[in-house]
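Commentary on secondary and tertiary structure
The residues making up each chain are set out below.
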Amino acid sequence: MTPTADPRPLTGEPLALDLLNTRWMQEGEPQDLFAGAAGLTRLEGLDVWMSANGLATDGLSAPFRADAPTLIHLLTAREALARVVDDHGAPKAREVVDAVLEHGRVRLTLDPEGPGERPEFDDRSWGPAWLAARNYLDLLDTAPDRIRKCAHEACVLHFFDTSRNGTRRWCSMAACGNRAKASRHYARSRDH
C-alpha cells in the first residue's frame, strides 16, 4: 500500500507543535488532519501523522497503532497543549497535560552508547499523546520563549524558532511571510 501524503502545510516541527499543526487554515477554511482533511478518514489522518513522526515504527518495542483509543487520547493531548500554548499556561489545560503525563513514565537504561531513557506506558494507546506532552515539557525546559504561533493573522500554525537570533515570525516565509509582505506592499501602493 502506498503511504498517503501528508497534506499539512507545515511539518517537521517538534512533536508537541507538530500535533498542534494537525489543524490549519486552507483558503480561509479550517482543516483538521484528524477530521477528514484531504479526504482522509480520522484514522487515516492519525496514521499519516504517526508515520510523519516515526511513531508507526517507533523502536520502543512495538509500533503504536492508529486506532480509535489512540486517536481519542491524542485529541485530548492536542486540546490541552493548544490551550496551554495559546493561553500561556491556562491552569485547567495544565491539569489535562498532567493527566496525560500520568499514563507514562521514563525508565532509565544503560545502553551500549551509555545512559539512556525508555518511555513506558500503562496503556500503549496513550503513547503518542504522552510523547507529545513530554516533548512540550522538553521545549519548555529548552527555550520556552522560542515556542511561537505564526504572526500572520489568518494562520493557526505553531513552530519552534531555531533561528540564530530568535526573531522568526512566520511558520513559513514562503507562505505567510510572503503574504504579509504582499499585503504591506499593496497597502503602500494604494496609499500613493
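Quick look at the structure, then. (Residues numbered from 1 in each chain as written. Predicted model: local features only at pLDDT ≥ 70, side-chain atom pairs only at ≥ 80, totals over all residues. Heavy atoms only, no water.)

As a further point, take the overall build of the protein. Within the protein, the secondary structure is distributed over six helices and six strands. The secondary structure elements of the protein, listed N-terminal to C-terminal, are α-β-β-α-α-α-β-β-α-β-β-α. Looking at the protein as a whole, 41% of its 192 residues qualify as buried. Intrachain contacts of the protein at a sequence separation of at least 6 include 48% that bridge at least 24 residues. (Helix = DSSP H or I, 4+ residues; strand = E, 2+ residues; numbered from the N terminus. Buried < 20%, exposed > 50% of the residue type's maximum accessible area, 1.4 Å probe, protein only. Contact = heavy atoms within 4.5 Å.)

Given two aromatic rings, their pairing is described by the distance between the two centres and the angle made by the two planes. Counted by the stated rule, this structure contains three aromatic pairs. Taking the centre distance of 5.7 Å and the plane angle of 65° together, the rings of F64 and F121 count as edge-to-face. Of this pair, F64 sits in the loop between α2 (42–52) and α3 (68–86) while F121 sits in strand β4 (residues 114–121), and the two are 57 residues apart along the sequence. Residue class for F121 comes out buried when judged on its relative accessible area of 15%. With centroids separated by 5.5 Å and ring planes inclined at 75°, the aromatic side chains of F121 and W130 adopt a geometry described as edge-to-face. (Phe/Tyr/Trp six-rings, centres within 6.5 Å; stacked < 30°, edge-to-face > 60°.)

This part covers α2. By the burial criterion, the buried members of α2 are G45, L46, V48, W49 and M50. Looking at the buried side of α2, the elements it contacts are α1 (15–20), α3 and α5 (127–142). Where α2 ends, the next residue or the one after it, G54, has phi of about 70°, a positive value.

So, on to the environment of R65. For R65, the position within the fold is in the loop between α2 and α3. Through-space distance from the C-alpha of R65 to that of P128 is 9.5 Å; in sequence the pair is 63 residues apart.

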